[in-house]
Amino acid sequence: MLLILLAYLGGALTIVSPCILPVLPFVFARTGQPFARSGLPLLAGMALTFALVATLAAVGGGWVVQANQYGRWLALALMAFFGLTLLLPHLADRLTKPLVALGDRLSNKAQQADASGEGATGARSSFLLGVATGLLWAPCAGPVLGLVLTGAALNGASVGTTLLLLAYAAGAATSLALALLVGGKVFSAMKRSLGAGEWVRRGLGAAMLAGVVAIATGLDTGLLTQVSTVATSGVEQKLIDTLAPRSNPENDNVPAQGGAMMRSAAAARSDEAAAGGAMMSRAAMVGDAAGPAMRAMRAAAHGNDELPIEGKLPQLDGAVEWLNSKPLTAAQLKGKVVLVDFWTYSCINCLRSLPYTKAWAEKYRDQGLVVIGVHAPEFAFERNVGNVRKAVKDQGITFPVAIDNDYAIWRAFGNQYWPAHYFIDAQGRIRHHHFGEGEYAQSEQVIQKLLEEAGRKNVTNTVVSTEDTHGVQQQSDMGSVASPETYLGFERTQNFASPEKQAANAARQYTAPAKPALNQWGLGGNWLSQADQITLNKGSGSIVYRFHARDLHLVLGPTKDGKPVRFRVTIDGAAPGQDHGTDVASDGSGIVDSQRLYQLVRQTGNAGDIGDHTFSIQFLDPGVQAYAFTFG
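Just so we're clear, the structure is a prediction, and the values are computed from it rather than from any experiment. (Residues numbered from 1 in each chain as written. Predicted model: local features only at pLDDT ≥ 70, side-chain atom pairs only at ≥ 80, totals over all residues. Heavy atoms only, no water.)

Colleague: It is not clear to me how the packing of aromatic side chains should be interpreted in this structure. Could you clarify?
Modeller: A ring pair, where both rings are aromatic, is described by two values, the distance of the centres and the angle of the planes. For the coordinates displayed, the defined rule picks out 25 aromatic pairs. Arranged with centres 5.3 Å apart and planes meeting at 75°, the rings of Phe 342 and Phe 413 form a pair that is edge-to-face. One end of the pair, Phe 342, is in strand S4 (residues 337-343); the other, Phe 413, is in helix H16 (residues 408-413), and 71 residues separate them in sequence. An identical accessibility class is assigned to Phe 342 and Phe 413; each is buried. (Phe/Tyr/Trp six-rings, centres within 6.5 Å; stacked < 30°, edge-to-face > 60°. Helix = DSSP H or I, 4+ residues; strand = E, 2+ residues; numbered from the N terminus. Buried < 20%, exposed > 50% of the residue type's maximum accessible area, 1.4 Å probe, protein only.)

This is the structure in structure tokens:
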């Protein structure tokens, strides 16, 4: 019920969002008619259609998206025709002359229905107009809508998913209904006092055509989305924080980071660090019954000597395969202290916490600690069991790993983050959790306390150190990070600075920006842009990014058939020299030979010397796949 209320309030806030502007002309086109027979059916059709299409899009495949695209273009054509008839009545007469007789009969019937108090005909036409408007409406994806849509994608089709989307649409419809009622009175007054009915009608026709153009060209989800993010996201996040309070209030002043999906996380961020990000999040729409992770949000604050009971260890069913072990169950783990680590192998935050997890598994194994890694993929290539198996071997992981490609264990825990650590006592109860990097000493002390509670003797009170860790697993310099995680696929990208607009599911020739501003990026060459990745379509090509951080990483993959791709890196136009990353030589050369995270820059100077720099990577062969930048 709480999530439904949150969705409704989030929808109501869209009235102050510029993304609602393209829809307003369609709504105001019914001005002057009785609200119950015109405005109300229109808004109901709009809300129901949006909820249905959004549900299908969230849980369906590509065929749903394609079908909706056809529906949008058909609706655009109908809206454009309707707008022309309002703007140019004489043209409308010519276009509709063959249907004049039929139109007269229908009009007479409608007038008779109005006179008799029956509004079925008008209501039906208004409802159909609302259905078309619902196909066109693409509201800005603020935190509330991000929570709903992402949760739907993770948890699958359900009545709850549709109810939440319907609540969001109902909130928007409520705001539009108020605007329609107020606007109707204004338009009626204009007609009475100025005799401007014809001009009002033409103005509405022009506004409808402008709305059609805005939607057809993507202005409604491009420019207006950027404007509305400033307008409403802060208010929406306050609603989320009020209705789902954070467990660690002292960290509320920490800025959020990450891509669109990262920012839409609705639960508490218990251990976030600075802009570079101590963790990644994937919003999971779960209620009180969904899993212990959400209950953990409301557990006792840090610093309490007594560890609270946050829930029970769920069954570990649903993994597509187990590595380093036979499948484990909650019953088999009774009597053991268990650490469950949610991770994914290209996540930089997971890689930096891995040295501690491995050290704990080794240090406390003989005293009864069982570490279980749950690999939950973010990118499609991370679903490849062979890739995960190789990553486990390369990173020296010897503890059991459950490959959770279907997010079964993820949902059982109600988890939302990479990395996420859950600490379970010998009785099978979750006693502590930690999301993201950091607080390793505290986490190890929790392990020690649970082992002592289980009756283990001579448990050490020392904590491990990973100061000698190098490469991508070395701890980040968060004080020097001023660049956010940046996705390159068109679905979640931001700050794209090439002169050409990033195309969706199409190859295009791009021009690299000559002087990008901080955190802007762009492409050079012919690239195919897909939802979560970009692929160099032919010839050579480049990616440019203006960044501020000690480390720069890029998730890359070779060609589809596995052929390696050569590249060369420059920083401010010169070879990186001593500032090269572990996957780059000092002259900037390197090879993409597998799908993973590549460290391309590791600056060696003092933290105070780190400033803004322009990074460029030139790929010498076509077919390379690029996914996301991360920093440290």
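The structure having been displayed, the exposition proceeds.
Colleague: Would you explain the pairing of strand S14 (residues 551-557) in this entry?
Modeller: A regular strand carries its side chains on alternate faces of the sheet. The buried fraction of S14 amounts to seven of the seven residues, a majority that puts the element mostly inside the structure. Of the two faces of S14, the one lined by Asp 551, His 553, Val 555 and Gly 557 and the one lined by Leu 552, Leu 554 and Leu 556 are each fully buried. Sheet analysis places S14 next to strand S17 (residues 596-602), joined by six bridges and oriented antiparallel. Note on S17: the bridge partner recorded for Asp 551 is Arg 602. Bridge count for S14 against strand S19 (residues 625-631) is six bridges, and the pairing is antiparallel. Counted as the bridge partner of Leu 552 is Phe 631 from S19. (Pairing = 2+ DSSP bridges.)

Colleague: Teacher, can you tell me more about the nonpolar core here?
Modeller: When a protein is soluble and globular, its nonpolar side chains tend to lie buried together. Within the largest apolar cluster, 64 residues are counted, with the highest numbers of intra-cluster contacts made by Val 340, Phe 342, Ile 372, Phe 413 and Tyr 422. When residues in this core are grouped by element, the largest group, seven residues, is from helix H14 (residues 348-363). The two domains that each donate at least three residues to this core are domain 2 (311-473) and domain 3 (478-631). Trp 521, Leu 536, Val 569 and Val 624 belong to the second-largest nonpolar core, a separate cluster that totals 32 residues. (Core = buried A, V, L, I, M, F, W, Y, C linked by side-chain atoms within 4.5 Å. Domains from an automatic or database assignment.)

Colleague: How do you make sense of the packing of H14 against helix H17 (residues 440-453) when you look at a structure like this?
Modeller: To describe two helices that pack against each other, one gives the angle between their axes and the distance between the axes. The contact between H14 and H17 brings their axes to 12 Å, and the two run at 25°. Classified by the angle between their axes, H14 and H17 sit roughly parallel to one another. Crossing geometry of H14 relative to H17 is assigned as right-handed. Where H14 abuts H17, its residues Arg 352, Ser 353, Tyr 356, Trp 360 and Lys 363 lie against Tyr 440, Ser 443, Glu 444 and Ile 447. Of the residues that constitute the contact of H14 with H17, the class distribution is four nonpolar, two polar and three charged. (Axes fitted to C-alpha atoms, helices over the stretch in contact; angles between N-to-C directions. Parallel < 35°, antiparallel > 145°, perpendicular 65-115°, else oblique. Left-handed = near helix turned anticlockwise from the far one by under 90°. Contact = heavy atoms within 4.5 Å. Nonpolar A, V, L, I, M, F, W, Y, C, P; charged D, E, K, R; others polar.)

Colleague: Honestly, H14 in this entry has me stumped. Any pointers?
Modeller: Note that an α-helix has 3.6 residues per turn; residues three or four places apart therefore point the same way. Compared with the 22 Å implied by 1.5 Å per residue over 16 residues, the 24 Å span of H14 between its first and last C-alpha is a close match. A bend of about 40° at Leu 354 is the largest found in H14, and the proline Pro 355 appears one to four places after it. Across the 16 residues of H14, 12 count as buried, placing the element largely inside the fold. Those residues of H14 that fall on the buried side of the exposure criterion are Ile 348, Asn 349, Cys 350, Leu 351, Arg 352, Ser 353, Leu 354, Pro 355, Tyr 356, Thr 357, Trp 360 and Ala 361. (Expected span 1.5 Å × (residues − 1). Bend = angle between axes of the 7 residues up to and from the residue.)

Colleague: I'm lost on the pairing of strand S8 (residues 420-424) in this one. Help?
Modeller: Judged by how many residues are buried, S8 sits mostly within the fold: five of five residues are covered. Burial along S8 is two-sided: Ala 420, Tyr 422 and Ile 424 facing one way and His 421 and Phe 423 facing the other are all buried. Two elements, S4 and S8, share five bridges in a ladder whose sense is antiparallel. Looking across to S8, one finds that Asp 341 is bridged to His 421. One ladder, built from five bridges, connects S8 with strand S9 (residues 429-435); its direction is antiparallel. Among the inter-strand pairings, Ala 420 is bridged to a residue of S9, identified as Phe 435.

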